Amino acid sequence: MHFAVSGKGAVVARPCPRPAFHAISAPSCPGLRKSFSARPTPSQTRGPLPLARASPDTRDTPTVPLGGEEGYDVYVYEAEPLEEGVAKHTLSVFVGDEAGMINRVAGVFARRGANIESLAVGLTQDKALFTIVATGTEATVANLCKQLAKLVNVRYVEDITASEHFQRELFIAKVAAPPGATRTELQQVAEVFRARVVDVAERTLTLSATGDPGKIAALQRALGRFGIVELVRTGRIALKRGENLFTGPQVYRKRPAISNADAGEPVNVEASMDGDVYTSSGSGSAAHEGVWNVRNVLDAYYENEGSEFEPYTLLLEVQDRPGVLNQVTGVVARRGYNVQSLAVGNSEREGYSRITMVVPGNATGIEKLMKQVQKLVYVDRVTNLNANPFVARELMLIKVRATAAQRGELLNLAQIFHGSVLDVSLTTLTIEVTGKEDKMRALQSVLEPYGILEVARTGRISLVRDSGVDTKYLSSVAGNKVML
């Protein structure tokens, strides 16, 4: 059963095939509960509704609205703990970018029914860094690492869960905010979480924030009481703390039962080439000769100068089903399109995710591609954001060399680019920055003389601007004429 608040404030019990949901006040929501806000209806955006509370033990009994409390309905469900022996693992996969690589990586998980909780892909023309958060036992995750390491052009696969590292993700939400006290309160909440307002419309505010998974979950819960209209987020990206860097072309195991190596000892991935994976021709390191004559550092942007195609930003809303990402990327790969950016994250609706893709092409070709993707069973909606003004953001973590004398200079540079310092060691400094590709490119150019050690990037995430204005739109319309 689930409860819905009618227009007169009465609570009505309705049957629901999904796990039981109940209305609850967001501030009283205990820990380990995941909340989301239903998309507000036009009546909701005109003003707040009475909020009712229903106890889990009395779900079939009508309840009385809380006296004096107002807000939007926030439906929550009890979080289920992981099974014994199952844990969340953070995997870092560095590969040479080639046609169909995203589809191949996603295919390894899809064929084994593995659950991907988060996926972030930083892409350039010659390499890509995947940061994957997968749920499973140590044996299951170790087998996934083994199969991923056999893909063509894979530089390394490493499970960094046991290492000291930090995780960050990017979050953009469009929230119902009618003028008045509600908008003022929303801005105060945004200030508490250090979120930035990136678009202002008559009835909505669009906020952008970065942080670890706990901060993002708390922010989403706090915004739920106002009414989240649309939400898009990236997967998590991670870097090791201090002077520790990602490893070379090897996979690390933790349990001797999985392999003959000692716990924590690197295992040679060339020892076994079985499994349903895409392997390179030949054997040994000679098969990969010439592939990795590039730095083991991801660039801060995708170089697209001189291309005759325009990059199109596509926003897909899909159901959370195993293999849905593999199906989407398979359609793109079979038609020969190159993906410049990919970001996957949860949406404002439970059981749904949003995929943001940047695909270069022409108007006719992109329209055909959208029709083919829309035919997939678990794809609910495909939107071409290039047709309207939209806000676009990316998140980048960059680790550079820094002596004690250089830290002041680097702190000043981070402040100029509105970045923040995440980690400091005796010889390194890690900076977090959010913005567009031009900003990432400018920051990388000024940091290169110091020595860039590692870069982790999310893909681009985007939402339509309700204000209806951005720089690209203004450049395509006639402005006011000044008579001189």
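Residues numbered from 1 in each chain as written. Predicted model: local features only at pLDDT ≥ 70, side-chain atom pairs only at ≥ 80, totals over all residues. Heavy atoms only, no water.

Next up on the list: the overall build of the protein. Along its length, the protein carries 10 helices and 27 strands. Considering the protein as a whole, with its 484 residues, one finds that 51% of them fall into the buried category. Pairs at least 24 residues apart make up 77% of the contacts formed inside the protein by residues separated by at least 6 positions. For the protein, the computed accessible surface area is about 22,600 Å², with 51% contributed by carbon and sulfur atoms. (Helix = DSSP H or I, 4+ residues; strand = E, 2+ residues; numbered from the N terminus. Buried < 20%, exposed > 50% of the residue type's maximum accessible area, 1.4 Å probe, protein only. Contact = heavy atoms within 4.5 Å. Areas by Shrake-Rupley, 256 points an atom, 1.4 Å probe, with all protein chains shown as cover.)

To continue, consider a nonpolar patch on the surface. Taken together, the side chains of V469, Y473, L474 and V477 make up a nonpolar region of the molecular surface, amounting to roughly 330 Å² of accessible area. Judged by its relative accessible area of 37%, V477 falls in the partly exposed class. (Patch = residues over 30% accessible without salt bridge, like charges linked within 9 Å, V, L, I, M, F, W, Y side chains within 5 Å. Salt bridge = Lys/Arg side-chain N within 4 Å of Asp/Glu carboxyl O.)

Turning our eyes to something else, we now look at helix 8 (residues 407-416). Residues of helix 8 that are buried include every one of L410, L413 and A414, and no others. Looking straight down helix 8, one finds its buried side chains confined to an arc of 100 degrees; they lie on one side. Those residues of helix 8 that are exposed and aimed more than 90 degrees away from the buried face are Q415 and I416. Those residues of helix 8 that are buried lie in contact with strand 23 (390-401), strand 25 (428-435) and helix 9 (437-447). Of the residues flanking the end of helix 8, it is H418, one or two places downstream, whose phi is positive at about 55 degrees. (Arc of directions from axis to C-beta.)

Our next topic: the pattern of salt bridges. All chains considered together, the criterion is met by 20 salt bridges. The salt bridge involving E169 is made with R233; its shortest N-O contact spans 3.0 Å. Within this pair, whereas E169 is found in strand 12 (residues 165-176), its partner R233 is found in strand 15 (residues 228-233), the two being separated by 64 residues in sequence. Here E169 and R233 have matching classes, each one buried.

Moving on to the packing of aromatic side chains. One pass over the structure, following the stated rule, counts one aromatic pair. The interplanar angle of 20 degrees and the centroid separation of 5.7 Å between the aromatic rings of F94 and Y156 together place this pair among those described as stacked. Residue F94 is located in strand 8 (residues 87-95), and its partner Y156 is located in strand 11 (residues 154-159); the two are separated by 62 residues in the primary sequence. Per residue, the accessibility class of F94 equals that of Y156, and both read buried. (Phe/Tyr/Trp six-rings, centres within 6.5 Å; stacked < 30°, edge-to-face > 60°.)

Looking now at the nonpolar core. Ranked by size, the top nonpolar core spans 47 residues in total, and within it F109, F130, L316, L342 and M357 carry the most contacts. Residue contributions to this core peak at six residues, all from helix 2 (residues 101-111). Residues in contact with L316, not counting those within four places in the same chain, are V328, S353, R354, I355, M357, V373, R381 and V382. L170, I237, L385 and L422 belong to the second-largest nonpolar core, a separate cluster that totals 26 residues. (Core = buried A, V, L, I, M, F, W, Y, C linked by side-chain atoms within 4.5 Å.)

Right, let's get into the sheet that holds strand 9 (residues 115-123). Read from one edge to the other, the open sheet built from eight strands follows the order 11-8-10-9-20-21-19-22, with strand pairing classed as antiparallel. Edge positions in the sheet fall to strand 11 and strand 22 (379-384), since each of these pairs with one other strand and no more. Between one strand and the next, the sheet's axes are offset by a mean angle of 20 degrees, whatever the strand orientation. Relative to strand 22, strand 19 (residues 310-319) runs antiparallel, the two sharing five bridges. Within the sheet, the bridge partner assigned to L315 lies in strand 22 and is T383. In this fold helix 2 packs onto strand 8, strand 9, strand 10 (128-136) and strand 20 (341-346), with an angle of close to 15 degrees to the strand it touches most, strand 10. (Pairing = 2+ DSSP bridges. Axes fitted to C-alpha atoms, helices over the stretch in contact; angles between N-to-C directions.)

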